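Chain residues, written in single-letter form:
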Number of protein chains: 2
Amino acid sequence: MKLLTLTAFLSALLLAGAARAGTPALLPSWNDSPAKQAIVDFVSRAVKPGGDDFIPPAERIAVFDNDGTLWSEQPMYTQMFFTLDRIRALAPLHPEWREQEPFASVLRGDIAGALAGGVKSAFALVLAAHAGMTEDEFARIARDWFVTARHPETGRLFTDMAYQPMLEVMDYLRDNSFSVHIVSGGGGDLIRAFAEKTYGVPPENIIGSSLKTEWSDTAGEAQVFRTAEIDAINDGPAKPLAIQRDIGRRPVMAFGNSDGDLQMLQLTASGPRPGLAILIHHTDGEREWAYDRQSRTGRLDKALDEAMAKGWVVVDIAKDWNAVFGAGSN
Amino acid sequence: MKLLTLTAFLSALLLAGAARAGTPALLPSWNDSPAKQAIVDFVSRAVKPGGDDFIPPAERIAVFDNDGTLWSEQPMYTQMFFTLDRIRALAPLHPEWREQEPFASVLRGDIAGALAGGVKSAFALVLAAHAGMTEDEFARIARDWFVTARHPETGRLFTDMAYQPMLEVMDYLRDNSFSVHIVSGGGGDLIRAFAEKTYGVPPENIIGSSLKTEWSDTAGEAQVFRTAEIDAINDGPAKPLAIQRDIGRRPVMAFGNSDGDLQMLQLTASGPRPGLAILIHHTDGEREWAYDRQSRTGRLDKALDEAMAKGWVVVDIAKDWNAVFGAGSN
């Protein structure tokens, strides 16, 4: 009996070890809270063959906002940091910028002053940084920038400002045959420069804001040229419309963090087969930034009210995530 | 020796049988011609690890025009047949159409008369048939139509007017980890109603012409509403621009059949890693329709000249395909 007990004990130990080694914990950066449970429950029901809530793999469309949902967006959007760096890099080609706002302020290092003109100033800077080149050239510039550009407050590469718990959610969904799409208010081509490597999301699964483009086929060299004119700002109600146009199906899961995601969440939570709508609420001023109703960037007000009223999942970063960022590349 | 010889002979027979059963012929509806060889060569080189022409799976984007490339487009686009059927179905709700062109001609059965007004008349009909409903409603209407609608000359279901050799190409490409996309001048949502079942192409891989849409969230029922205003006509230079916006990569293979596909083929054949551009030339008046430079629908003129000049693959249906249509559903 003693021998048998010892054997059983050793076997149990071995089995537990194997389980630990072979089956990593599900969503390890998430605490065992109702938010995590809601996500796991939804996915488990979606993939259960014959279950009432089974969703055929082809219909398992999950959409994610980017800024503030997949990576941080404070103190300002990463795209704005990219923009300012481009303005500085292009300045030698534009001597007139020394006298011309909002460029002059940027070159003096007065970012607040540069942006004091509001949306109009920001657009002027963004257009100067993003337009007037081919798509191939822009892709190269953007990819190069992400190799070295760092967040001024954390010192981390911007691509290391991705939220570890969200990387785990995207992997978990793909492991369960969900198709993961990004639907962002940011420029789609800038996201494409890093999303495949950082998020595992390929270019064709990214919808973002866009510039008008022109076709050019001079000397047999076909190129798509980026003009300095906005084509679409992919925010608010534009998100569900773009989802319909480009994906052509109602998503079954949607993740957002601001009022700009409200309609995308409504689209997902509504319809013949209501999907799961999830809001990331930035509550953690220690490990990240705490902001919601009063924030200029990523304001979360109406969508928070609607989430409360409709029982959507609200992720409280301080309580629900045991890690915010991953180890990082260096 | 005799026994051994017999055994060897029987083994060889068995092996040959197994090969026949286990390894179906590649692209069986294609004759062994240079066109087939060019496609097979390109794919074989693309998937050969370590080869000079290896293409990483994520970059294996293949784009296909739809009308005249994946299914027939004569004597007029399938979308026009759908449109006329919808006008007839909606007529009881629109008594004014009895007096109003181009509707009155359609209802009298005078299609040529209805279309005599050119693009303007055609658009009026298309808008009346496609707009004024939610995306969910349109999807239902379109799916229902394809279940029973038949081509007036062949009597086949429209979905059985798909070209068998092209179905084989799409399967062959997917088997080799290519991602297959449709980039059509036709309405994207109409294609989505049948493409997954007929072509194996999911809604998110379809780019087509589109209507402007509006967001509606009345009584908590979120819907995308189709307005009677054209958003984009996805033809000619618009194709490469839409590919850049929605797919975000230069395709490595492109299939088209008309001048409306020229720029998409140029985009694919150009660039840092020239891809394979393929034109389907409608040369078979017996089994299908023969047309090119003078055709109103699917005119192939400039693109044919460019294909000749640049050595693109030109598929001669009469010579290169041993079957045009499949067995069909009934």
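As shown above, the structure is provided for reference.
Here the structure is a predicted model, which means the values were calculated and not measured.

**Concerning the interface of chain B and chain A**
Next up, step 1: Contact with chain B, which involves 40 residues of that partner, is made by 40 residues of chain A.
Next up, step 2: When chain B packs against chain A, close to 3000 Å² is buried across both sides, 47% of that on carbon and sulfur atoms.
Next up, step 3: Three residues, Glu-204, Trp-215 and Arg-245 of chain B, lead the burial of chain B against chain A; their summed loss comes to 21% of the area buried on that side.
Next up, step 4: Counting the contacts that link chain B with chain A gives 6 salt bridges.
Next up, step 5: Residue Arg-249 of chain A is joined to Glu-196 of chain B by a salt bridge in which the shortest nitrogen-to-oxygen separation is 3.1 Å.
Next up, step 6: Taken together, chain B and chain A are joined by 21 residue pairs in polar contact (both at pLDDT 80 or more).

**Notes on helix α11 (residues 238–246) of chain B**
Next up, step 1: The element α11 of chain B is largely enclosed, with a buried count of 7 among its 9 residues.
Next up, step 2: With its phi angle positive at about 80°, Gly-248 of chain B sits one or two positions after the end of α11 of chain B.

**A closer look at the relation of the copies chain B and chain A**
Next up, step 1: Taken as rigid bodies, chain B and chain A are interconverted by a rotation of 180° and an axial shift of 0.0 Å, the fit giving an RMSD of 0.0 Å. As the rotation angle and translation indicate, the two copies are arranged about a two-fold axis. The C-alpha atom lying nearest the rotation axis in chain B is that of Asp-246 of chain B; the distance is 3.5 Å.

**Re the pattern of salt bridges**
All names here are of chain A.
Next up, step 1: Within the structure shown, the criterion is met by 40 salt bridges over all chains.
Next up, step 2: When the shortest N-O distance is used, the salt bridge between Lys-36 and Asp-32 registers 3.2 Å.
Next up, step 3: Residues participating in the shared-partner salt-bridge network are Glu-135, Asp-189, Arg-192 and Arg-226.

**Quick notes on the pairing of strand β5 (residues 221–232) of chain B**
On a regular strand, each side chain points to the face opposite its neighbour's, so the side chains alternate between the two faces of the sheet.
Residues and elements named next belong to chain B.
Next up, step 1: Relative to β5, strand β2 (residues 133–134) runs antiparallel, the two being bridged by 2 bridges. Note on β5: the bridge partner recorded for Met-133 is Arg-226.
Next up, step 2: Pairing of strand β4 (residues 206–218) with β5, which is carried by 8 bridges, proceeds in the antiparallel orientation. Following the sheet pairing, Asp-217 is matched in β5 by Ala-222.

**Notes on the sheet that holds strand β1 (residues 61–64) of chain A**
Residues and elements named next belong to chain A.
Next up, step 1: The strand order across the open sheet built from 8 strands is β2-β5-β4-β3-β1-β6-β7-β8, with neighbouring strands paired in mixed fashion. Edge strands, defined here as strands with exactly one partner in the open sheet, are β2 (133–134) and β8 (313–316).
Next up, step 2: Sheet topology places β1 next to strand β3 (residues 179–187); 4 bridges connect them, and they run parallel. Opposite Ile-61, over in β3, you have Ser-179 as the bridge partner.
Next up, step 3: Strand contacts of helix α8 (residues 164–175): β1, β3, β6 (253–256) and β7 (276–281), with the helix running at about 165° to β1, the strand carrying the most contacts.
Next up, step 4: Running at roughly 130° to β7, helix α13 (residues 302–310) makes contact with β7 and β8 of the sheet.

**Comments concerning the environment of Ala-131 of chain A**
Residue and element names in this part refer to chain A.
Next up, step 1: Inspection of the secondary structure puts Ala-131 in the loop between α6 (119–130) and β2.
Next up, step 2: Taking the C-alpha atoms as reference points, Ala-131 and Glu-101, 30 residues apart in sequence, are found 18 Å from one another.
Next up, step 3: When neighbours within four sequence positions are excluded, Ala-131 is seen to be in contact with Leu-211, Arg-226, Thr-227 and Ala-228.

Rules and cut-offs
- Residues numbered from 1 in each chain as written.
- Chains lettered and ligands numbered in written order.
- Predicted model: local features only at pLDDT ≥ 70, side-chain atom pairs only at ≥ 80, totals over all residues.
- Heavy atoms only, no water.
- Contact = heavy atoms within 4.5 Å.
- Buried area = accessible area lost by both parts, 1.4 Å probe.
- Salt bridge = Lys/Arg side-chain N within 4 Å of Asp/Glu carboxyl O.
- Polar contact = N/O pair within 3.5 Å; in protein donor to acceptor, adjacent residues only side chain to side chain.
- Buried < 20%, exposed > 50% of the residue type's maximum accessible area, 1.4 Å probe, protein only.
- Helix = DSSP H or I, 4+ residues; strand = E, 2+ residues; numbered from the N terminus.
- Least-squares fit on C-alpha atoms with pLDDT ≥ 70 in both.
- Pairing = 2+ DSSP bridges.
- Axes fitted to C-alpha atoms, helices over the stretch in contact; angles between N-to-C directions.

Scope: geometric values only; no functional claims are made or implied.
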